[in-house]
Amino acid sequence: MPSETDIELSLIIPAFNESAIILRNVEELRRWMTEKLPQTRYEIIIVDDGSTDGMGELIERSLETIPELRLARHQRNMGRGRGIRTGFDHARGCYLICLDADLSYAPYHIGRLLEPLQAGRADVTLASAYHPQGTVSNVPTGRRIMSVIGNRILSAGFKSTTRTVTCVVRGYRREAIETLELINDGKDLHLEILQKAELFGLRLEEVPADLRWRDRDRGKTKRKRIVDYVPFMSMSGTIASHLIYSYVLRPGALLTYPAVVLLLIAATAVASLCAAWFGRIFAIGSMAPGVLYSTLRETLIAGQLTMAVMATALIFAAILGAFYFAAQQNKRNHDELYILISRMNTRLKDIERESKG
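Residues numbered from 1 in each chain as written. Predicted model: local features only at pLDDT ≥ 70, side-chain atom pairs only at ≥ 80, totals over all residues. Heavy atoms only, no water.

*Asks:* Lay out the overall build of the chain with the relevant residues and their values.
*Replies:* Per the secondary structure count, the chain includes twelve helices and nine strands. The proportion of buried residues among the 357 residues of the chain is 41%. In the chain, of all internal contacts separated by at least 6 residues, the share reaching a separation of at least 24 is 77%. Counting every atom, the chain has about 19400 Å² of accessible surface; 58% of that belongs to carbon and sulfur. (Helix = DSSP H or I, 4+ residues; strand = E, 2+ residues; numbered from the N terminus. Buried < 20%, exposed > 50% of the residue type's maximum accessible area, 1.4 Å probe, protein only. Contact = heavy atoms within 4.5 Å. Areas by Shrake-Rupley, 256 points an atom, 1.4 Å probe, with all protein chains shown as cover.)

*Asks:* Could you give an account of the packing of aromatic side chains, with specific residues and numbers?
*Replies:* Per the counting criterion, the structure on display carries three aromatic pairs. Considering the side-chain rings of Phe88 and Tyr172, the 5.2 Å spacing of their centres and the 80 degrees angle between planes classify their relative orientation as edge-to-face. Taken together, the residues span a long stretch of sequence, with Phe88 in helix α3 (residues 80-90) and Tyr172 in strand β7 (residues 170-173) at a distance of 84 residues. The burial state of Phe88 is the same as that of Tyr172; both residues are buried. Judged by centre distance (5.5 Å) and plane angle (15 degrees), the rings of Trp277 and Phe278 are stacked. (Phe/Tyr/Trp six-rings, centres within 6.5 Å; stacked < 30°, edge-to-face > 60°.)

*Asks:* How would you explain the confidence of the model for the chain if you had to name every residue and give the values?
*Replies:* Per-residue pLDDT for the chain has a mean of 85; in total, 86% of the residues score no lower than 70. Highest mean pLDDT in the chain belongs to strand β4 (residues 95-98) (98); lowest belongs to helix α8 (residues 231-234) (46). Across residues 221-235, where pLDDT falls below 50, the model places eleven contacts with residues more than four positions away in sequence or in other chains. (pLDDT = per-residue confidence, 0-100.)

*Asks:* Now, about the packing of α3 against helix α7 (residues 189-199): what can you tell me, with residues and values included?
*Replies:* Packed helices, taken two at a time, are described by the angle their axes make and the gap between the axes. Contact pair α3 / α7: the axes reach a minimum separation of 9 Å and the direction vectors enclose 55 degrees. Compared by their axis directions, α3 and α7 come out oblique. Seen from α3, the contacting residues are Arg80, Gly81, Ile84, Arg85 and Phe88; seen from α7, they are Leu189, His190 and Ile193. Classifying every residue of the contact of α3 with α7 gives four nonpolar, two polar and two charged. (Axes fitted to C-alpha atoms, helices over the stretch in contact; angles between N-to-C directions. Parallel < 35°, antiparallel > 145°, perpendicular 65-115°, else oblique. Nonpolar A, V, L, I, M, F, W, Y, C, P; charged D, E, K, R; others polar.)

*Asks:* So what's going on with the environment of Thr161? Residues and values would help.
*Replies:* Considering the arrangement of structural elements, one finds Thr161 in the loop between α5 (141-155) and β7. Since its relative accessible area comes to 68%, Thr161 is described here as exposed. Placed 45 residues apart in sequence, Thr161 and Glu206 show a C-alpha to C-alpha distance of 9.0 Å.

*Asks:* Report on the pattern of salt bridges, specifying residues and quantitative values.
*Replies:* Inspection of the entire model under this criterion finds 19 salt bridges. Notably, a salt bridge pairs Lys196 with Glu192, separated by 2.5 Å at the nearest N-O pair. A residue pair is termed a helical-turn pair when its members lie 3 or 4 positions apart in one helix, as Lys196 and Glu192 do in helix α7 at four residues. For the residue pair Lys196 and Glu192, the accessibility class agrees, reading buried in each case. Ionic contacts of the salt-bridge type, sharing partners, join the residues Asp48, Glu57, Glu60 and Arg73 into one network. (Salt bridge = Lys/Arg side-chain N within 4 Å of Asp/Glu carboxyl O.)

*Asks:* Summarise the pairing of strand β2 (residues 42-49); cite the residues concerned and give the values.
*Replies:* The element β2 is extensively covered by neighbouring structure, given that eight of its eight residues are classed as buried. Residues Tyr42, Ile44, Ile46 and Asp48 of β2 are buried on one face, and the alternating residues Glu43, Ile45, Val47 and Asp49, pointing to the opposite face, are buried as well. The pairing of strand β1 (residues 9-15) with β2 spans seven bridges and is classified as parallel. Residue Ile12 lies in a different strand from β2, and its bridge partner there is Ile45. For the crossover that starts at β1, traverses helix α1 (residues 22-36) and ends in the parallel β2, the hand is right-handed. (Pairing = 2+ DSSP bridges. Right-handed = clockwise from strand over helix to strand, strands pointing away.)

*Asks:* Report on the sheet that holds β7, specifying residues and quantitative values.
*Replies:* The mixed open sheet is built from seven strands, whose spatial order is β3-β2-β1-β4-β7-β5-β8. Of all strands in the sheet, those bounded by a partner on one side alone are β3 (69-74) and β8 (204-208). In this sheet, adjacent strand axes meet at a mean angle of 20 degrees when their direction is disregarded. Those strands touched by helix α2 (residues 55-62) are β1, β2 and β3, and its axis lies near 150 degrees from that of β3.

Next comes the structure, spelled out in structure tokens:
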């Protein structure tokens, strides 16, 4: 088995109940590495996230016959984010690449993700099926539509022009990932990594990817609720979580548009009242003060519903404005505190390494 100092590339695969396919896909990865990157010293880290189908035991029995294979285990299912973080903790390579267990992104994406890292152009590389040169195939239509819409909405929360922000398949320089203090255990980890990478000025590069579900029926569970038959409802927890995280990333992305719509409604209401008032004045044909007052009073009485809509729109716009400024200040404080804590942790790690050396 290669020693820690020999490892150049760590392939991290978080997996849950994948005993039917995991060893087959490990062999596919090994074949690809042998054919395409024969000089690269690598390891394959399977993170068993509390599987109940015997996957962990299956991997354990294969460790002696597959020298590149390593296993990390959770006693219970802790979520995709924790699985990826555990993989980061166990990885020994200079470059880390996360893959999905079913290889919906084929092994050749390893080369695409690795090249910008090795060339020094990027600290984090992202596989993007929604890149202009990317493709999506064999994915159920409802799931695909929700993914496209979700990624477009969430990408508005980032400064970079990233098109795919929820994909697990990514590459990292070890130094880059060690800079980030990550805390998410769920799928929000993908958003957290991008947020903190941008905060530290890390270089991101999106590479075109080909997403292809190898089996449209994989991952389906017995549906017990009506909502499980509706893609939006069955994914509602993930969608809500991602939207909340997007609000934390950039409050303006979720608050500005509704506030603008409300102000437009209020402006339309004002314009409607003014038009009605001027119409009454022109009908009488006089600009006398008494006429102006009486026509204004008639307009306001007749337009009570319009006034109520205008007032309601203005009130809600003001509330959104208050939320916006409060959230912006909270985000600024969070970013400053995070940077400070990360720098302290980095310094402590350096001191610990120096003391051991």
